[in-house]
Amino acid sequence: EPDAENADLTFASPTDNQAAIIRWNHDADLLSVGTENANADLRFMTGSFAEAMRILDTGNVGIGTTSPSAKLDVAGGEIMLDNNNQVAWRSAAGASNYWQMYPDASNNFQLVGNAGFRVTVKNDGNVGIGTTVATNLLSLGGNSARIFWLERHTTADTAGNTVTIPAGGATSAA
């Protein structure tokens, strides 16, 4: 069956009979570009043959850099997400432990953990910790007392370092 075969465009030299390949697999609807040579990278160029992106043999991808040092290394620009998309970090692929950050529908910045909202930074600069309703410069959510730890240079665990704010009122520790 003709569609079950790969269609290849092979690039070679007298000493290397398959240095690079562009392959179309009809059954898988898959276009592959690659090389069999060890330590070979892929480079994508745009107008005037300017390099736009590189994929190293290690799998690191660089945009704006020819030597990416991470899985994705973007240099000289910004990464744009639109339509309320978000950035998420997971402890492992498919893990239930995660952190996400994104703008909400009102363009407030949200930092969310797998147990719920953690930090909200509103358009007006108000910050909410443990609440999405930041009505003051600093709004704290929750129904239990909160302790603030204040470090004094290199002094730690000494009297006068904490402020305790119980639910429903405020007191301070000496």
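Residues numbered from 1 in each chain as written. Predicted model: local features only at pLDDT ≥ 70, side-chain atom pairs only at ≥ 80, totals over all residues. Heavy atoms only, no water.

Our focus in this paragraph is the overall build of the chain. If you tally the helices and strands in the chain, you get 0 helices and 15 strands. Relative to its 174 residues, the chain shows a buried fraction of 17%. Contacts in the chain between residues far apart in sequence, at least 24 positions, make up 1% of those at least 6 positions apart. A total accessible area of about 12500 Å² is found for the chain, and carbon and sulfur atoms account for 54% of it. (Helix = DSSP H or I, 4+ residues; strand = E, 2+ residues; numbered from the N terminus. Buried < 20%, exposed > 50% of the residue type's maximum accessible area, 1.4 Å probe, protein only. Contact = heavy atoms within 4.5 Å. Areas by Shrake-Rupley, 256 points an atom, 1.4 Å probe, with all protein chains shown as cover.)

Okay, the side chain of Asp 73 next. Locating Asp 73 in the fold gives a position in strand β7 (residues 72-74). Lacking a salt bridge, the buried Asp 73 has Arg 54 as its closest oppositely charged neighbour, with an N-O distance of 11 Å. Side-chain polar atoms of Asp 73 contact the backbone nitrogen of Ser 69, separated by 3.0 Å. The residues contacting Asp 73, other than those within four sequence positions of it, are Val 61, Gly 62, Ile 63, Thr 65, Ser 67 and Pro 68. (Lys, Arg positive; Asp, Glu negative; His and termini not counted. Salt bridge = Lys/Arg side-chain N within 4 Å of Asp/Glu carboxyl O. Polar contact = N/O pair within 3.5 Å; in protein donor to acceptor, adjacent residues only side chain to side chain.)

Close reading of the predicted structure is inappropriate where its pLDDT is low. When pLDDT is averaged along the chain, the result is 81, and 79% of the positions lie at 70 or above. Mean pLDDT values over the elements of the chain span from 64, in strand β15 (residues 162-165), up to 95, in strand β6 (residues 61-63). (pLDDT = per-residue confidence, 0-100.)

Time to look at the layout of surface pockets. Taken as a whole, the largest pocket spans an internal volume of roughly 160 Å³. It is strand β9 (residues 98-103) that contributes the most residues to the lining of the largest pocket, 3 residues altogether. Of the residues that constitute the lining of the largest pocket, the class distribution is 8 nonpolar, 2 polar and no charged. (1 Å grid on protein atoms, 1.4 Å probe; cavity = no way out; pocket = protein on both sides within 12 Å on 5 of 7 lines; lining within 4 Å. Points joined across faces, edges and corners; volume = space filled by probe spheres on them. Nonpolar A, V, L, I, M, F, W, Y, C, P; charged D, E, K, R; others polar.)

This part is about the sheet that holds strand β11 (residues 116-121). Taken together, the 6 strands give an open sheet; going across it, the order is β8-β9-β10-β11-β12-β13, and neighbouring strands pair in mixed fashion. In this open sheet, the two strands that pair with only one neighbour each are β8 (87-90) and β13 (138-140). Geometrically, the sheet is characterised by an average inter-axis angle of 15° between neighbouring strands, direction not taken into account. Relative to β13, strand β12 (residues 127-129) is paired through 3 bridges, and the arrangement is parallel. Within the sheet, the bridge partner assigned to Val 127 lies in β13 and is Leu 138. (Pairing = 2+ DSSP bridges. Axes fitted to C-alpha atoms, helices over the stretch in contact; angles between N-to-C directions.)

On to the sheet that holds strand β3 (residues 30-35), then. If you walk across this open sheet you meet the 3 strands as β1-β2-β3, and the pairing is antiparallel. Each edge of the open sheet is held by one strand with a lone partner, namely β1 (6-13) and β3. Going from strand to strand, the sheet's axes swing by 20° on average, the running direction of each strand aside. With 6 bridges connecting them, strand β2 (residues 16-25) and β3 associate as antiparallel partners. Bridged to Asn 25 within β3 is Leu 30.

On to the pattern of salt bridges, then. By the definition in use, this model includes 4 salt bridges. We note a salt bridge from Asp 41 to Arg 54, for which the minimum N-O separation is 3.7 Å. On the criterion of sequence distance, the pair formed by Asp 41 in the loop between β3 and β4 (42-46) and Arg 54 in strand β5 (residues 50-55) is long-range, its members being 13 residues apart. Between Glu 51 and Arg 54 there is a salt bridge whose closest N-O contact spans 2.8 Å. The network of salt bridges with common partners includes Asp 41, Arg 43, Glu 51 and Arg 54.

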